[in-house]
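Topology and contacts: notes
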Amino acid sequence: MDLNCDDNIEEVRVSNLESVIHRDVEVLSTNSIVDQLESRLFVGEVVKSVEDAYILYCNYGHAKGFSVKKGDQRYFPGTNELQAKEFECSCEGSKDEKRSNAQIPVYLKPTSRSKCKAKLRITRQRGGEWTVGRFVMEHNHEMLAADQRHLLRSSRNISYAQKSILESMVNSGITVSNAVSYMINEAQGPQNLSFIRKDAYDYLGRIKKQTKVENGDAYALLHHFINKSNKESNFYWNVQLDDDNRVMNFFLRDSRCEVDYEFFDETESLFEWLFKTFLDSMNEKQPVVELEAKAEAGAEADLELEQYCFSLYAVNAATASSLVL
């Protein structure tokens, strides 16, 4: 008799038994979570806010295996104050119902919507608390398996810390795919990460789009400065750019400021009071200043850093060199 063979068979049996026990524990744990969440969704239960109700229903959906979407809402008559809000199973409705009846053939993407009626509705009286007004638990479709529930749209979210990590890695030259792979490895599996690759690409795409908008605003500002200087001979402006020619700081002065400055008499006591007030507002944090002065013939570039006095030549030279149109 082959004792080694018997030992291997016994190991397989033990392993299979452990797997069954592990799955049973997971089912019991999931059922317990579902029961706890359901008890907080019964009609009459109080919720703190619309956002809290949405998060609660999303957590319930994740535990059960369905995704959540925001539904209809109702306002108090004659106001923009919310009176009722619904959250629905993502399988509610039938996608492209109007287009499917069109005489002209159109391409319709596959849909998982099955006119599911499961939903949560919260309501309140004017000035009162939000309470559960209706909770439909029954679904007309199968629930997603536990090992796939991290893919549910309402279960996915990129936290602030994760956004920072993604941005830092991509800005360092790492591809989005490799950055996400690293974060999956750190989380010990995709099921433990709160987002998927598509979410990362979408987020970074939005950031890039926002940057383009901000750059557009900067060019609009420069265009305004140019037009203003063409109309007013005494209008002065300057900008500071970074290495990528993006606006970091800007300065402007109109003719009225120039006239006021000519009559302004700044005394040493006034300067000291202003600077001490500034330090007080900054919790006594001293400014860190680094300037490089270059003296030319007929120009003085003395810097008395201990007294926080900068020569006009050094400031003008530094700002003029930053101007790029």
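Everything below is about the structure printed above this text.
This write-up is about the structure you can find in this document. (Residues numbered from 1 in each chain as written. Predicted model: local features only at pLDDT ≥ 70, side-chain atom pairs only at ≥ 80, totals over all residues. Heavy atoms only, no water.)

So, about the sheet that holds strand 3 (residues 82-89). One open sheet holds the five strands; their spatial order is 1-5-4-3-2, and the pairing between them is antiparallel. Each edge of the sheet is formed by a strand with only one pairing partner; in this case those strands are strand 1 (46-47) and strand 2 (68-75). Relative to strand 5 (residues 130-136), strand 4 (residues 119-123) runs antiparallel, the two being bridged by five bridges. Residue Thr 123 lies in a different strand from strand 5, and its bridge partner there is Thr 131. Across the face of the sheet, helix 2 (residues 50-64) comes into contact with strand 1, strand 2, strand 3, strand 4 and strand 5 while running at roughly 15 degrees to strand 3. (Pairing = 2+ DSSP bridges. Helix = DSSP H or I, 4+ residues; strand = E, 2+ residues; numbered from the N terminus. Contact = heavy atoms within 4.5 Å. Axes fitted to C-alpha atoms, helices over the stretch in contact; angles between N-to-C directions.)

With that settled, the discussion passes to helix 4 (residues 160-171). For helix 4, built from 12 residues, the straight-helix expectation of 16 Å at 1.5 Å per residue is met to within 8% by its first-to-last C-alpha distance of 16 Å. Of all the residues in helix 4, the buried ones are Gln 162, Leu 166 and Met 169. Along the axis of helix 4, the buried residues cluster in a sector spanning 75 degrees; they form a single face. Exposed residues lying more than 90 degrees from the buried face of helix 4 are Tyr 160 and Asn 171. Of the residues trailing helix 4, Gly 173 is marked for its positive phi of about 100 degrees. (Expected span 1.5 Å × (residues − 1). Buried < 20%, exposed > 50% of the residue type's maximum accessible area, 1.4 Å probe, protein only. Arc of directions from axis to C-beta.)

Once that is clear, we can look at the packing of aromatic side chains. In total, this model carries eight aromatic pairs according to the counting rule given. With a centroid separation of 6.0 Å and an interplanar angle of 20 degrees, the aromatic rings of Tyr 57 and Tyr 60 are classed as stacked. Of this pair, Tyr 57 and Tyr 60 are both found in helix 2, three residues apart, which corresponds to roughly one turn of the helix. When its relative accessible area of 0% is taken as the criterion, Tyr 57 is described as buried. By relative accessible area, Tyr 60 is classed as buried at 1%. Seen from their ring centres, Tyr 60 and Phe 135 are 5.6 Å apart, and the 70 degrees between their planes marks the pair as edge-to-face. (Phe/Tyr/Trp six-rings, centres within 6.5 Å; stacked < 30°, edge-to-face > 60°.)

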